[in-house]
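Summary of structural features
Listed below are the residues making up each chain.
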Amino acid sequence: TQPEYRVNYVRVYQDASDPRQSVGCSTPERPTRQWIEAHKHAYTREGDKEPLKKIAEGGGRCTPPAPPAPPPCGGPARGTC
């Protein structure tokens, strides 16, 4: 049987030194920021002043709380180091 995979996320890196690649989310060829600014009504909720906000790093909580992390190496179910 074919194994079943689940993907959590994929991170794609672009080469800033390669002129064929446009690094960033809002490039001259695809001006995402301009589009969002021009269509604010589609990207804001009631009470929002602006559609684009700075990303807050850290301080988040898991709901429900995340289970404790497994031991870093092995354990009874995974063998020992």
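Our subject is the structure that appears above.
Residues numbered from 1 in each chain as written. Predicted model: local features only at pLDDT ≥ 70, side-chain atom pairs only at ≥ 80, totals over all residues. Heavy atoms only, no water.

**Describing the overall build of the chain**
Quick reminder of the rule: Under the DSSP-based scheme used, a helix requires at least four consecutive residues in state H or I and a strand at least two consecutive residues in state E, with every element numbered from the N terminus. Buried, partly exposed and exposed residues are distinguished by accessible area as a fraction of the type maximum, computed with a 1.4 Å probe on protein chains only: under 20%, between the cut-offs, and over 50%, respectively. Residue exposure ignores everything except the shown protein chains as possible cover, and the areas themselves are Shrake-Rupley values with a 1.4 Å probe.
What the chain contains, in helices and strands, is 2 helices and 0 strands. The buried share of the chain, reckoned over its 81 residues, is 7%. For the chain, the accessible area works out to roughly 8,600 Å², and carbon and sulfur atoms hold 54% of it.

**So, the pattern of salt bridges**
Note on pairing: side chains with opposite charge can pair once their charged atoms come close. The line we're drawing: Salt bridge, as applied in this entry: a Lys or Arg side-chain nitrogen positioned within 4 Å of an Asp or Glu carboxyl oxygen.
For the coordinates displayed, the defined rule picks out 2 salt bridges. Where Glu37 meets Lys40, a salt bridge forms, and the shortest distance between an N and an O atom there is 3.5 Å. Judged by its relative accessible area of 31%, Lys40 falls in the partly exposed class. Linked by salt bridges that have partners in common, Glu37, Lys40 and Glu50 make up one network.

**A word on a nonpolar patch on the surface**
Rules: By definition, no residue in a patch forms a salt bridge, and every one has over 30% relative accessible area; like charges are joined within 9 Å, nonpolar side chains (Val, Leu, Ile, Met, Phe, Trp, Tyr) within 5 Å.
The grouping of Val7, Val10 and Val12 at the surface amounts to a nonpolar patch, some 340 Å² of accessible area in total. Mapped onto the elements, Val7 comes out in the segment before helix 1 (32-38). Classification of Val7 by relative accessible area gives exposed; the value is 64%.

**So, the environment of Ser26**
Rule in force here: We call two residues in contact whenever any of their non-hydrogen atoms come within 4.5 Å of each other.
Along the chain, Ser26 turns up in the segment before helix 1. Discounting chain neighbours no more than four positions away, the residues touching Ser26 are Pro31, Thr32 and Arg33.

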